[in-house]
Amino acid sequence: MPNNRGFNAYVRQLIRCSSSVGANYRASQRAKSRADFINKLKIVEEETDESIYFIELLIEILSEDYKSELDKLYKEANEILSIVVSSINTARKK
């Protein structure tokens, strides 16, 4: 990716929110109650959605050279989001 302030800010933010997805998912596995589990998964949902936002920004502003890799990340992030939302819904039903 280009190395300039604008891109670096987006990339750093993407790294922060995407790493938060993994950290909060891990925390959800040690939840103290169902409500705690759901709350932690809601954070995972929000951070995944934020990651998707920054991937979309990068897709829009970067050249075609990077779009195929970003498209893969976009697809995978949406799959993760779907899984997390489904998990939240299942946990709420029980």
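Everything numeric here is computed off the predicted structure, so don't read it as measured data.

**Q** Mind laying out the overall build of the protein chain, listing which residues take part and the relevant values?
**A** Per the secondary structure count, the protein chain includes three helices and zero strands. Each principal axis of the C-alpha distribution contributes one length, and for the protein chain these read about 45 × 20 × 15 Å. Per-residue burial over the protein chain gives 29% buried out of 94 residues. Considering only contacts in the protein chain between residues 6 or more positions apart, those separated by 24 or more positions represent 67%. Working note: accessible area of the protein chain is about 6,400 Å², and carbon and sulfur atoms make up 51% of it.

**Q** Outline helix α3 (residues 64-93), supporting the account with residue identities and numerical values.
**A** The end-to-end C-alpha distance of α3 is 44 Å, a good match for the 44 Å that 30 residues give at a rise of 1.5 Å each. The axis of α3 is deflected most strongly, by about 25°, at Leu-70. Among the residues of α3, Lys-67, Leu-70, Ala-77, Leu-81, Val-84, Ile-88 and Ala-91 are the ones counted as buried.

**Q** Pulling in residues and values, what's your account of the packing of aromatic side chains?
**A** Counting across every chain of the model gives two aromatic pairs. Considering the side-chain rings of Tyr-10 and Phe-54, the 6.2 Å spacing of their centres and the 45° angle between planes classify their relative orientation as tilted. Within this pair, whereas Tyr-10 is found in helix α1 (residues 5-28), its partner Phe-54 is found in helix α2 (residues 34-61), the two being separated by 44 residues in sequence. When the centroid spacing of 5.1 Å and the interplanar angle of 75° are considered together, the rings of Tyr-53 and Phe-54 count as edge-to-face. With relative accessibility at 44%, the residue Tyr-53 sits in the partly exposed group.

**Q** Can you explain the confidence of the model for the protein chain? Please cite residues and give values.
**A** Averaged over all residues, the pLDDT of the protein chain is 93; the fraction at 70 or higher stands at 98%. Least confident of the elements in the protein chain is α1, whose mean pLDDT is 93; most confident is α2, at 96.

About the criteria used
- Residues numbered from 1 in each chain as written.
- Predicted model: local features only at pLDDT ≥ 70, side-chain atom pairs only at ≥ 80, totals over all residues.
- Heavy atoms only, no water.
- Helix = DSSP H or I, 4+ residues; strand = E, 2+ residues; numbered from the N terminus.
- Buried < 20%, exposed > 50% of the residue type's maximum accessible area, 1.4 Å probe, protein only.
- Contact = heavy atoms within 4.5 Å.
- Areas by Shrake-Rupley, 256 points an atom, 1.4 Å probe, with all protein chains shown as cover.
- Expected span 1.5 Å × (residues − 1).
- Bend = angle between axes of the 7 residues up to and from the residue.
- Phe/Tyr/Trp six-rings, centres within 6.5 Å; stacked < 30°, edge-to-face > 60°.
- pLDDT = per-residue confidence, 0-100.

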